[in-house]
Amino acid sequence: MHPFARPLRRAIFATSALSMLAFAPAALAQAAPDEGASADGSDNEIIVTARRRDERLIDVPVAITAYSGEALEKAGAIDITDIGQTTPNTTLEVSRGSNSTLSAFIRGVGQQDPVSGFEQGVGIYLDDVYLNRPQAAVLDIYDVERIEILRGPQGTLYGRNTIGGAVKYVTKQLPEEFSLKIKGTYGTYDQADLVVTASAPIGDLLRVGGSVARLSRGGFGDNATTGLENYNKDVWAARGTVELGGYGEPVLIRISGDYSKDKSDPRGGHRLIPSLATNTPVLGNVFDSRGGLVDPKQEIESYGLAMNVTAELSDTLTLRSISAWRKDTSATPIDFDALPAVDVDVPGFYFNEQISQEFQLLYEGDKLKGLLGFYYLDATADTLFDVRIFNTFAGLTAFTEADVDTQTFAVFGDFTYDFTDQLSLSVGGRYTWDKREASILRQNYLGGGSPVFGGAGVPFGAPGTDFEGSRKFNKFTPRASLSFKPTPDHTVYASYSQGFKGGGFDPRGVGVNAPAAIPGSPTDAEVAAFLSFRPEKVESYELGYKGSLFDGGLNVAIAGFYADYTDVQIPGSVACEVGGLPSFCGIVSNAGKATFKGVEFEARARLGEDLAATGDRLTLSTALGFIDAQYKEFISNIVNPDTGLPEPTDVAEFREVQNTPKWTASGTLAYSTPVGDGDLSFGTTLSYRSKTYQFEVPNPYIDQKGFALWDASLVYTAPDDRWSLGVFGKNILDKHYKTSGYTFINVNPVTGVPVLGGNGLPTSALGTEGTLTAFYGNPRQVFVTGTVKF
């Protein structure tokens, strides 16, 4: 529980101490998957740690895409969302109305809603530390060793069970010698970045190092009402590390800390239709907005400490400990209607904190390899927000405070036995104990916003929700895979795994709207049942091949998968009535069943072998993903027109899986040639994503049609890598594409087709102006980056 937020709900929300800081966005970029060289420069030796031990990527019977830090730097990497463009069946995007909250989906599984109460479907790991909340998870890319994206359920090898997959962000170990690196960038929209990294040995065993980053950019558009920039960037970030041991020593102790502060202006949505009551026209620039909400001032702060200890107990036994504490605070104004009027305005605070501890005991013998692990997480997520709908009813505000605690324990293990040099069997399992506790308050105010956000409103009526409760969710999830290596450079595998994501409580639910044994008087048990939702479960099957052909000239990875997904959690927000007044309500349901089946193909080919004599190198990297994601059952309560009562209705044929395009594809052509004693590298990437549905209910206004993006780079690297200079172009054709949006319009409850008014525009479900706003991916950016190393 946040020490400030929770006593507040019993004290009618005093207005003091509202200088809440904010969370940190990031800087990564689009690069081709690194199917090339390892640290020693040899082909086919990409080393990953997907199974908690160093292995060649080609040997791991798991669908993985790996990006080296060098590849990301040469591609002009900006932030972690960019690598989703070149990873099959993966969506990584900045959440709607935010600058640094991450929405991640892998193979149809993910979580779009960033409020407390919902677990992530995709796990994000920073140096093996699981980030429990999506705020501040759009990680900056600097000093990164590699990024690994694992597709499919994870739980027998990782601290936190994740049902869809995992993204591992791994920073570099400090070098043994003194090092200093200065990297500066200047580009369009006044982009100006500076990253300074330094490290030094102190004696034979101790090393210290750190980085400081200043990341800034002007807005892609403007807010016509407030005068603020829209989609700008204003970030300070730093990392520090102390290392003891390693480099041949039996013990490595790594203590690291990170801090980031984001003071970027609020990101306002672009209205897709004229305002319904005042007929305000649509703006010409999709990056412009008219939202008038500016309080609280947007500010996001994130920081954490971690200690990773690795001790080699013997030639075969290693003990690892991963201890971490993280915290982030966010203050953000979100103007849903994107107009000066207070039609649907939502100021919000987010307070997140977590403590985690993981132990791993790893064994590596001649025939048997594997690990046993224990994981503990204690996390709090407190969300406070107003929903101000003054146009509908003067001074009407629906205030919510939702405090959700998560406590989880798990034991897990995964072992591989080599029957022969060619045939191996891996089996693993995990038992998870999840406990979720929630304290939820919903209170109407009249006369202005709630006092928490400096409003003059006074409480009106009894709380719509005044709930405290807890739920426990326990689950065993197994995994098994069989792999066969006809030769050392070819691996065929088949695997089965189960995934599990705990249930919880809807932080925006309204208890008085719960179905009641006595109309208007729901019992505590009925309120708890109404606000809670069950865990999700998935059974996943995968068949794959990884191979290196033509003496390393062609590396290929192919995976086919099928998944049964049950009790799918569907969070949503709708217009409703609370205490006889119009309001905003959360509705979360376990909609039913879905199936995901598809194929993923990745390859990297060396072209033009005759170029080798001159030192030239030409490579082509490709990635292709196909997924058929369908709901087989989607139960929704639809009002029967004959009885006037809601009845469970299967509307699966009218629902789509969100943020999951059927096709994802990319191709990267890279050419390098010696220039003097240095090296000149050229790269160009074309990526494609087919039609994407933003929500389960299709919406012709905010759903994004298929589109392609084109990037290119030209980098000169001086001898001995002493300095480099690069020119980069992102989204060169300046494609405008939607990544997310808000919608509160009336639709047919079964088909989801918008209900149009006499003016031919959708009618409003909440507010008078009609909320139908979209957020867009970055436009064309061109920048120059210079790096100097000492």
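Note that the coordinates shown come from a computational prediction; the quantities given were computed from them, not determined experimentally. (Residues numbered from 1 in each chain as written. Predicted model: local features only at pLDDT ≥ 70, side-chain atom pairs only at ≥ 80, totals over all residues. Heavy atoms only, no water.)

**Student:** Explain the state of the cysteines here, please?
**Tutor:** Any covalent bond linking the sulfur atoms of two cysteines counts as a disulfide. The full count for this structure, using the stated rule, is one disulfide. The disulfide that involves Cys576 links it to Cys585, with 1.8 Å between the sulfurs. On the sign convention where negative is left-handed, the bridge of Cys576 and Cys585, at about 70 degrees about the S-S bond, is right-handed. There is no split in this pair, since Cys576 and Cys585 are both buried. (Disulfide = S-S within 2.5 Å. Buried < 20%, exposed > 50% of the residue type's maximum accessible area, 1.4 Å probe, protein only.)

**Student:** Help me out: how do you make sense of the sheet that holds strand β18 (residues 270-271) in this one?
**Tutor:** What links the strands of a sheet is backbone hydrogen bonding, and the strands pair in either a parallel or an antiparallel sense. Across the sheet, which stays open at both edges, the three strands sit in the order β18-β44-β43 with antiparallel pairing between neighbours. Single-partner strands in this sheet number two, and they are β18 and β43 (738-744). Bridge count for β18 against strand β44 (residues 771-776) is two bridges, and the pairing is antiparallel. Counted as the bridge partner of Arg271 is Thr773 from β44. (Pairing = 2+ DSSP bridges. Helix = DSSP H or I, 4+ residues; strand = E, 2+ residues; numbered from the N terminus.)

**Student:** Can you help me understand the side chain of Ser116 in this one?
**Tutor:** Turning to its location among the elements, Ser116 is positioned in the loop between β6 (109-111) and β7 (122-126). A polar atom in the side chain of Ser116 sits 3.1 Å from the backbone oxygen of Ala402. Once you skip the residues sitting within four places of it in the chain, Ser116 turns out to touch Arg133, Ala381, Asp382, Thr383, Ala402, Val404 and Pro507. (Polar contact = N/O pair within 3.5 Å; in protein donor to acceptor, adjacent residues only side chain to side chain. Contact = heavy atoms within 4.5 Å.)

**Student:** Please clarify how the pairing of strand β10 (residues 165-171) should be interpreted in this entry.
**Tutor:** Regular strands place side chains that alternate from one sheet face to the opposite one. Burial analysis of β10 places seven of its seven residues in the buried class, which makes it a mostly covered element. Residues of β10 alternate between two faces, with Gly165, Val167, Tyr169 and Thr171 on one and Ala166, Lys168 and Val170 on the opposite face, all of them buried. As judged from the five bridges shared by β7 and β10, these two strands associate in the parallel manner. Following the sheet pairing, Leu126 is matched in β10 by Tyr169. Where strand β9 (residues 144-151) lies against β10, seven bridges are found, and the strand directions are antiparallel. Bridge pairing links Val144 to Thr171 in β10.

**Student:** Sorry, what's going on with the environment of Val784 here?
**Tutor:** With respect to the element layout, Val784 can be found in strand β45 (residues 781-789). Since its relative accessible area comes to 37%, Val784 is described here as partly exposed. Once the C-alpha coordinates of Val784 and Tyr186 are considered, the two residues, 598 residues apart in sequence, prove to be 5.5 Å apart. Aside from chain neighbours lying at most four places away, what touches Val784 is Gly184, Thr185, Tyr186, Leu725, Gly726 and Val727.

**Student:** I keep staring at the environment of Ile255 and nothing clicks. Help me out?
**Tutor:** Inspection of the secondary structure assignment puts Ile255 in strand β17 (residues 251-262). Expressed as a C-alpha distance, the spacing of Ile255 and Val208, which sit 47 residues apart in the sequence, is 9.7 Å. Apart from the residues within four sequence positions on either side, Ile255 is in contact with Gly240, Thr241, Val242, Ala306 and Met307.

**Student:** Just checking my understanding: could you explain the environment of Leu766 for this structure?
**Tutor:** Note that Leu766 resides in the loop between β43 and β44. Between the C-alpha atom of Leu766 and that of Phe349, which follows or precedes it by 417 residues, the distance is 22 Å.

**Student:** Just checking my understanding: could you explain helix α3 (residues 524-531) for this structure?
**Tutor:** An α-helical turn contains 3.6 residues, so any two residues separated by three or four positions project in the same direction. Residues of α3 that are buried include every one of Val527, Ala528 and Leu531, and no others. One side of α3 holds all its buried residues, which, seen down the axis, span an arc of 100 degrees. Residues of α3 that are buried in the fold lie against β24 (423-446), β26 (465-487), β28 (504-505) and β29 (532-533). (Arc of directions from axis to C-beta.)

**Student:** Could you clarify how one ought to interpret the pattern of salt bridges in this entry?
**Tutor:** Side-chain pairs of opposite charge can arise whenever the charged atoms involved come near each other. In this structure the tally under the stated criterion is 32 salt bridges. The residue Arg56 makes a salt bridge to Asp489 at a minimum N-O spacing of 3.4 Å. Pair noted here: Arg56 is in strand β2 (residues 55-56) and Asp489 is in the loop between β26 and β27 (490-501), with a separation of 433 residues, a long-range link. With a relative accessible area of 16%, Arg56 lands in the buried category. The salt bridge partner of Glu437 is Lys435, with a shortest N-O separation of 3.8 Å. On the basis of relative accessibility, which here comes to 27%, the residue Lys435 falls in the partly exposed class. (Salt bridge = Lys/Arg side-chain N within 4 Å of Asp/Glu carboxyl O.)

**Student:** I would appreciate a short explanation of the packing of aromatic side chains in the present structure.
**Tutor:** Geometry of an aromatic ring pair is reported as the spacing of the ring centres plus the angle between the planes. Taken as a whole and assessed by the stated rule, the structure comprises 30 aromatic pairs. Three or more aromatic residues joined by ring pairs make a cluster, and in this case those are Phe336, Phe385, Phe584, Tyr742, Phe744 and Phe775. The lysine or arginine in question, Arg107, covers the ring of Phe561, its NZ or CZ lying 4.1 Å from the ring centre. Residue placement shows Arg655 over the ring face of Phe634; its charged tip is 5.5 Å from the ring centre. (Phe/Tyr/Trp six-rings, centres within 6.5 Å; stacked < 30°, edge-to-face > 60°. Lys NZ or Arg CZ within 6 Å of the ring centre and 35° of its normal.)

**Student:** Mind showing me how you'd approach the nonpolar core here?
**Tutor:** The tendency in soluble globular proteins is for nonpolar side chains to be buried as a group. Formed by 23 residues in total, the largest nonpolar core has its most connected members in Leu72, Ile83, Leu102, Ile147 and Val167. Where this core is concerned, the elements lending two or more residues are β4 (90-94), β5 (102-106), β7, β9 and β10. (Core = buried A, V, L, I, M, F, W, Y, C linked by side-chain atoms within 4.5 Å.)

**Student:** Please explain the sheet that holds β6 as it appears in this structure.
**Tutor:** Strand order in the open sheet made by the three strands is β4-β5-β6, with antiparallel pairing throughout. In this open sheet, the two strands that pair with only one neighbour each are β4 and β6. The mean angle between the axes of side-by-side strands here comes to 10 degrees, regardless of whether they run parallel or antiparallel. One ladder, built from five bridges, connects β4 with β5; its direction is antiparallel. Bridge pairing in β5 places Leu92 opposite Ala104. (Axes fitted to C-alpha atoms, helices over the stretch in contact; angles between N-to-C directions.)

**Student:** Teacher, can you tell me more about unusual backbone geometry here?
**Tutor:** Look at the link from Asp295 to Pro296: it is a cis peptide, with omega at 5 degrees. Summarising the element assignment, Pro296 is placed in the loop between β18 and β19 (299-312). Unusually for a residue other than glycine, Ala338 sits at a positive phi of about 60 degrees. Mapped onto the fold, Ala338 is located in the loop between β20 (317-335) and β21 (345-364). Residue Asn731 is not a glycine yet carries a positive backbone phi of 50 degrees. Taking the relative accessible area as the measure of exposure, Asn731 reaches 5% and is therefore buried.

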